[in-house]
Amino acid sequence: MSKQLDILQGTLDMLILKAVSLGPLHGYGVLLRIQQISGDQLEIQQGSLYPALYRLEHQGAIASEWGESENNRRAKYYRLTATGRAQLRSETEKWNRMSNVIAGILKTSPGEV
Amino acid sequence: MNYFTSLPARIKSWFRAATSRSHLESEMEAELAFHIESYTEDLIRRGLPPEEAGRRARIELGGIAVQKEEMRASLGLRLWDDLRADLRYAFRMLMKSPGFTAIAVGSLAMGIGANTAIFTIAKQLLMERLSVPHPEELRLFTWVGGDKVVVHSGWGDWDNLPGGLTTCSSFSYPVYQQLRSQNHSLSDLFAFKDISRVNATIDGHADVLQAEMVSGNYYQQLQVQPVLGRAIQPGDDAKPGSGAVALISYGLWQQRFGGSPSIIGKSITVNTVPFTIIGVNPQPFTGAQAVQRSPDIFLPFSMEPLVLARRKGSFLADDDFWWMQIMARVAPGTSEPVAQAALDTALNAAVRATMTVGKDDEIPRLALVDGSRGLNFAGKQFAQPVYVLISLTGLVLLLACANIANLLLARSAARQREMCVRLALGADRNRILRQVLVESLLLSSLGGVAGLLLGYFARNAIPHLLSNSWEPGPFVARFDWRVFAFTAAISIVTGLLFGVAPAWQATRTQVNSGLKDNALTATHRRKGFAGKAIVAFQVALSTLLVVGAFLFVRTLANLQAVDPGFRPERLLLFEIDPPESRYPAQKDVALYRQIEQKLATIPGVTAVTLSSEPLIANSMSNDHFLPVGQSVSIKKPTAFVNIVGSTFFETMAIPIVAGRGFAETDTETSLRVAVVNQALVRKYFPDTNPIGKTFTTGEKDPVVQIVGVSADAKYDSLRRDAPPTFYEPYRQRIRPMDMTYEVQTRMKPESIAAAARAVVQSIDKDLPLIDVRTQVQQIDETIQQERIFADLTAGFGILALTLASIGIYGITAYTVAQRTNEIGIRLALGAQARQILTMVLREASWLAVIGVAVGLGASLLLTRFLASMLFGLKPNDPATLIGSAALLFAVALLAGFIPARRASRVQPMQALRHE
């Protein structure tokens, strides 16, 4: 098993929003979805997941509802709200710009300066 | 995410979380349990043994409690939870030391309550404006003149200005009319006059009402709309003798007519003249003269000839009698000096046109003054007592704040170790500060609430300054929230400052040294300094308040010890004011005589007399006193006069020292006689026998013979020595006067009031008894202000002594506790218990000495402002100062003695082990 990457500071909220944008998920589901999409390369500290979910719900970016889980248990499902969708869009854009800039800087060779 | 755009969502979420708390908790638990179960199942599927799987799932999630704590923090509930915990803890701490809490809350309540009450009243008396739109535009007309001013007779207040000038706000009706027609700079001039009491009969019941006469444009110019009916209009005030219409005050409407709308059109008889009620004033409106209370009834000036029915003719036509007040509004942007100059010219012309101006006569100059508070009698009369009260309550508030500061300082010192322990266990410094803050705030708020209640109920205790027991004054101080907010803010800030500052200091110290810190370290000496300074300050403040209390209590005692020179017990007083329209000259004398004789037949009545001036009632009358055939070197030969019944001296028990008193044989037609008092003899007849001498009160007045000399009796006031006075029998008087009856009884004088009323009504059903009271009540009323001051300052003084002794006790007990170890060593080394006692007491007495010295110094500087309010002693009265100092010192020693004795009884071994 290759070494997993720790999640970058401040990106957890964005990843959660992305995960629930693909369909309603319960807390554990969010964890699985992110690991799955990243091809098991990202490790999320389980301890920080629920505070983040509560924070996002508190801000109105996601909403929750109790429902049935795949194994027929009561679980709390989170889905993206309109506010959350806008937030995800702007954060994605910001992330892309930032990663382009940083990638550009890192690619620079001595002759280009 | 933008902080502000998500605000509504966050507030909603916060409220949901805070209000359905138990639901939230169970949801969180269910959610976390689901997570652990799902993860465990997944781990088992990957091949882990079930127990190991469950363990790993729980470890990876972290502690459930920590998780929940962080989830709550995400919802913004953390601060809320902490605050609730702090409050609970603070309550528990306060309940644990009920003595501390009671003293702190009690003293704060006194400080806040007393200040709220006094400031509310001060605002009402000194700052409140007339309840009309834009009162700041109102200007009151006054005139200023010197000795030779042409105005000789009038009705109103004459005030002295520096430089021998006099100022007055009364004008004659003809001058008012001319000024009004000549005015081009101000809004239309309007006029009013509070004619004080009128006899009114409503539904067959005779009563005394306060009346204000107003010009036809009065309501227009004041911009006041009646709540019911219509206002007096220029048409009502058109020509003398017409316009028998009246508006009544809201208060009279409520009290006498139960607020019934059918009042409009009702008839009311004023001084035997029938009027029609046409309207009711709005509730806050108090007329134009005063802010504190409203006249009951408002009449147009045109009815003056009928209502006052003067034998000499109507005031309206009188060129020489100055009696009415004039006001006008000044429009914004008007130049007042220009307006005043123009009106001054108009006044000069009006005086020349209406009065005979001699060569030496001076024409008064017109001055416009602020009219927003009416004539502002209350402002002039009560300014000094109110400022003194404000200063005293200010000192009490300061004392309460010092007390809180002292208590909180001592408390935080005692809790130093607790804080260090909490810091050592990892508490956040802000967290500890916040806890102390909550505790101080809770304490201050409790004090604030108690003060609010006290202030709310006490605010009506002081307006007695303005009223007396037989004239129920409608003066109610309106509770002022701004005043309360101000005093409460001061106390709460003090609480916070002295609660949090020591905690701030405490949390800055190194935990390590804080825990090791004990009685043996020298740092305590410095730490105790703030506490000692505050206690010395408390003692100084207390000295000041105790000196004030002594001064006012002794003033009251001195006044009560004054011998009035007559016997005030068992006398019922009331006034009769027969209208001149029904009782012209001589008919009124017959009426007085008839009432006098009938009153004497009431069972239990032992004597009846009457006088034009009731004694010790701040009312006086003086006249020229011109001895016949004797040159008098006195510049203004005047004397006080009292027109009395034939048994006056016997009834009042004033001894006749020479000659005779009056008798039934002194009738309307017999020789005119007078009795003079000894003070008059000393002034006018120092070396001769006055019996048989004659005098007049004016060149055209008849000659009067002196037939007797009475002992001196106080005249208008207990404060003043009996002035030179002459008495004349009422049957021989030459001018009409209202008379006050003095009825002497065998039983309690109040019990015959009903019988006396029946007697008067049987003679004339329209004649009410005015100001029914006993002579003792009458005298008490004149020293009411002194009594209120004595009561209040004595209360403040006792409070001050209590707080000072608590302060000294607290600081001494604290020092003793800190030095237990040291005391143990001293005792072990052979010190005597007495030496320890002296050592501890020395410190307490030093604080007392410094405090008392500062307090006495301040007293010497400040009490001279009280000079005019004192009686029978000087502001720097040595006995008072020494007595106060001794009392303070004794109380301080006593307060220090209790902990000092405890120190001296310490067991050395126990003390050495003590830490």
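Residues numbered from 1 in each chain as written. Chains lettered and ligands numbered in written order. Predicted model: local features only at pLDDT ≥ 70, side-chain atom pairs only at ≥ 80, totals over all residues.

Thoughts on the overall build of chain B
Item 1. The secondary structure content of chain B amounts to 27 helices and 26 strands.
Item 2. For chain B, the C-alpha radius of gyration of 38 Å lies well beyond 29 Å, the compact-globule estimate for 915 residues.
Item 3. Summarising its shape, the C-alpha atoms of chain B cover approximately 135 × 75 × 60 Å along the three principal directions.
Item 4. By sequence separation, contacts in chain B at least 24 residues apart represent 82% of the contacts at least 6 residues apart. (Helix = DSSP H or I, 4+ residues; strand = E, 2+ residues; numbered from the N terminus. Rg over C-alpha atoms; globule rule 2.2 N^0.38 Å. Contact = placed C-beta atoms within 7 Å.)

What about the overall build of chain A?
Item 1. From N to C terminus, chain A includes 4 helices and 5 strands.
Item 2. Counting helices and strands in the order they occur from the N terminus, chain A gives β-α-β-α-β-α-β-β-α.
Item 3. The C-alpha radius of gyration computed for chain A amounts to 17 Å, which surpasses the reference 13 Å derived for 113 residues by more than 25%, pointing to a less compact arrangement than a globule.

Considerations on the interface of chain A and chain B
Item 1. Taken together, the contacts link 18 residues of chain A with 22 residues of chain B.
Item 2. Secondary-structure elements contributing two or more residues to the side of chain A that touches chain B are α2 (27-37), α3 (46-59) and β5 (74-80) of chain A.
Item 3. It is α3 of chain A that provides the largest number of residues to the side of chain A that touches chain B, a total of 9 residues.

Things to note about the environment of D771 of chain B
Item 1. Structurally, the position occupied by D771 of chain B is in strand β26 (residues 770-774).
Item 2. Between the C-alpha atoms of D771 of chain B and L79 of chain B, which are 692 residues apart in sequence, the distance is 65 Å.

Focus on the domain arrangement of chain B
Item 1. Domain boundaries in chain B define domain 1 (7-76), domain 2 (80-128 + 381-517), domain 3 (135-372), domain 4 (525-563 + 778-915) and domain 5 (579-766).
Item 2. For domain 3 of chain B and domain 4 of chain B, the distance between their C-alpha centres works out to 56 Å. (Domains from an automatic or database assignment.)

Side note on the pairing of strand β1 (residues 138-145) of chain B
Both faces of the sheet carry side chains from a regular strand, because those side chains alternate between them.
All names here are of chain B.
Item 1. Within β1, 6 of the 8 residues are buried, which leaves it mostly tucked inside the rest of the structure.
Item 2. Two elements, β1 and strand β13 (residues 325-329), share 3 bridges in a ladder whose sense is antiparallel. Across the sheet, residue L140 finds its bridge partner in β13, namely M327.
Item 3. When β1 meets strand β14 (residues 365-370), the two strands line up antiparallel, connected through 6 bridges. (Buried ≥ 20, exposed ≤ 12 C-beta atoms within 10 Å, placed from the backbone. Pairing = 2+ DSSP bridges.)

Considerations on the sheet that holds strand β2 (residues 25-26) of chain A
Item 1. Ordered in space as β2-β5-β4 (chain A), the 3 strands form an open sheet in which the pairing is antiparallel. Of all strands in the sheet, those with a lone pairing partner are β2 and β4 (62-68) of chain A, marking the two edges.

Here's the deal with the confidence of the model for chain B
Residue and element names in this part refer to chain B.
Item 1. Mean pLDDT over chain B stands at 86; residues scoring 70 or higher make up 95%.
Item 2. Predicted confidence is poor over residues 519-526, with pLDDT under 50, and the contacts of this stretch with residues over four places away or in other chains come to 7 contacts.
Item 3. Interface scoring of the predicted complex returns ipTM 0.87; its pTM is 0.73. (pLDDT = per-residue confidence, 0-100.)

Re the packing of helix α25 (residues 833-862) of chain B against helix α26 (residues 878-904) of chain B
Residues and elements named next belong to chain B.
Item 1. Closest axis-to-axis distance for the α25/α26 pair is 8 Å, and the angle between their directions is 155°. The angle between α25 and α26 falls in the class roughly antiparallel. In the crossing of α25 with α26, the sense of the turn from one axis to the other is right-handed.
Item 2. Of the residues in the contact of α25 with α26, the class split is 19 nonpolar, 4 polar and 1 charged. (Axes fitted to C-alpha atoms, helices over the stretch in contact; angles between N-to-C directions. Parallel < 35°, antiparallel > 145°, perpendicular 65-115°, else oblique. Left-handed = near helix turned anticlockwise from the far one by under 90°. Nonpolar A, V, L, I, M, F, W, Y, C, P; charged D, E, K, R; others polar.)

Section: helix α12 (residues 377-414) of chain B
Item 1. Compared with the 56 Å implied by 1.5 Å per residue over 38 residues, the 55 Å span of α12 of chain B between its first and last C-alpha is a close match.
Item 2. Along α12 of chain B, the sharpest kink reaches roughly 55°, centred on A383 of chain B and followed within four residues by the proline P385 of chain B. (Expected span 1.5 Å × (residues − 1). Bend = angle between axes of the 7 residues up to and from the residue.)

What to know about the packing of α3 of chain A against helix α4 (residues 64-74) of chain B
Item 1. As a packed pair, α3 of chain A and α4 of chain B sit with axes 8 Å apart at the nearest point and diverge in direction by 20°. With respect to each other, α3 of chain A and α4 of chain B are oriented roughly parallel. α3 of chain A and α4 of chain B meet at a crossing whose hand is right-handed. Contacts between α3 of chain A and α4 of chain B involve G47, Y50, P51, Y54, R55 and H58 of chain A from the former and Q67, E70, M71, A73 and S74 of chain B from the latter.
Item 2. Each residue belonging to the contact of α3 of chain A with α4 of chain B can be placed in one class, and the counts come to 5 nonpolar, 4 polar and 2 charged.

Section: the environment of P568 of chain B
Residue and element names in this part refer to chain B.
Item 1. Inspection of the secondary structure puts P568 in the loop between α17 (523-560) and β15 (571-576).
Item 2. With 20 C-beta atoms packed within 10 Å, P568 lands in the buried category.
Item 3. A C-alpha to C-alpha distance of 24 Å links P568 and M869, two positions 301 residues apart in sequence.
Item 4. Dropping the residues within four chain positions of it, P568 is found in contact with Q775, V776 and I779.

A short note on the nonpolar core
Residue and element names in this part refer to chain B.
Item 1. Ranked by size, the top nonpolar core spans 165 residues in total, and within it A246, V270, I297, L299, V396, V539 and A800 carry the most contacts.
Item 2. Ranked by residues supplied to this core, first place goes to α12 with 19 residues.
Item 3. Here A800 is in contact with L399, L541, S542, L545 and V546, once residues within four sequence places are set aside.
Item 4. By size, the runner-up hydrophobic cluster in this structure holds 53 residues, among which are I576, V675, V743 and I779. (Core = buried A, V, L, I, M, F, W, Y, C linked by C-beta atoms within 7 Å.)

Concerning unusual backbone geometry
All names here are of chain B.
Item 1. With a phi angle near 50°, H134 is a residue other than glycine that sits in the positive phi range.
Item 2. Inspection of the secondary structure assignment puts H134 in the loop between α6 (98-127) and β1.
Item 3. The partly exposed category is assigned to H134, around which 13 C-beta atoms lie within 10 Å.
Item 4. Not every positive phi belongs to a glycine, and N376 is a case in point at roughly 55°.

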